[in-house]
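# Observations on the three-dimensional arrangement
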Amino acid sequence: MRRSGSVDFVTGLFVFLGIAAIFWLVLATSNYRAYKQTEGYTVTARFSDIGSLKVRAPVTMAGVPIGRVVRIYLDKERFQALVFMRIGSNFDHVPVDTSASILTAGLLGEKY
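First, a word on what this report is: a plain description of the structure on this page. (Residues numbered from 1 in each chain as written. Predicted model: local features only at pLDDT ≥ 70, side-chain atom pairs only at ≥ 80, totals over all residues. Heavy atoms only, no water.)

Here we come to the sheet that holds strand S2 (residues 58-61). Strands pair in a sheet through their backbones, by hydrogen bonds, and they do so in one of two ways: parallel or antiparallel. A sheet is described by the order of its strands in space; here four strands give the open sequence S1-S4-S3-S2, paired in antiparallel fashion. In the strand order of this sheet, the two ends are held by strand S1 (41-47) and S2, each with one partner. Strand after strand, the sheet turns through a mean of 40 degrees between neighbouring axes, direction not considered. As judged from the four bridges shared by S2 and strand S3 (residues 64-75), these two strands associate in the antiparallel manner. Of the residues in S3, the one forming a bridge with Pro58 is Arg68. (Pairing = 2+ DSSP bridges. Helix = DSSP H or I, 4+ residues; strand = E, 2+ residues; numbered from the N terminus. Axes fitted to C-alpha atoms, helices over the stretch in contact; angles between N-to-C directions.)

Okay, here's the thing in structure tokens:
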């Protein structure tokens with residue numbers, strides 16, 4: 001049984017567009033541009049327990065994303081977690097007395 005070349009072409013094009021759509025969806029939902037953010041300044045916070053906080057977790061203020069967690073380190077003298085956060089350069093007026101807390105978002109319990 002012989003198939004025409006146009007059917008094979010349309011099938012291949014459909015598969016290619018499906019893979020491209022999945023790739024675009026992954027990039028759109030992961031906010032890939034925010035991962036490459038290098039501009040801004042670093043803020044350090046101390047926590048006695050960070051739970052399952054991960055590097056690249058979003059940092060928000062009043063629900064607005066303002067940066068990402070760039071490093072998590074254990075202070076061997078105080079036995080506390082040091083969390084280094086990169087805050088975007090357009091958020092340069094964060095008050096000095098600002099406090100930080102780790103919260104949970106979503107059904108899967110993502111920490112931010």
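What follows deals with the pattern of salt bridges. One pass over the full model with this rule turns up one salt bridge. Note that Asp75 and Arg46 form a salt bridge whose closest N and O atoms lie 2.6 Å from each other. Within this pair, whereas Asp75 is found in strand S3, its partner Arg46 is found in strand S1, the two being separated by 29 residues in sequence. When its relative accessible area of 11% is taken as the criterion, Asp75 is described as buried. Residue class for Arg46 comes out partly exposed when judged on its relative accessible area of 39%. (Salt bridge = Lys/Arg side-chain N within 4 Å of Asp/Glu carboxyl O. Buried < 20%, exposed > 50% of the residue type's maximum accessible area, 1.4 Å probe, protein only.)

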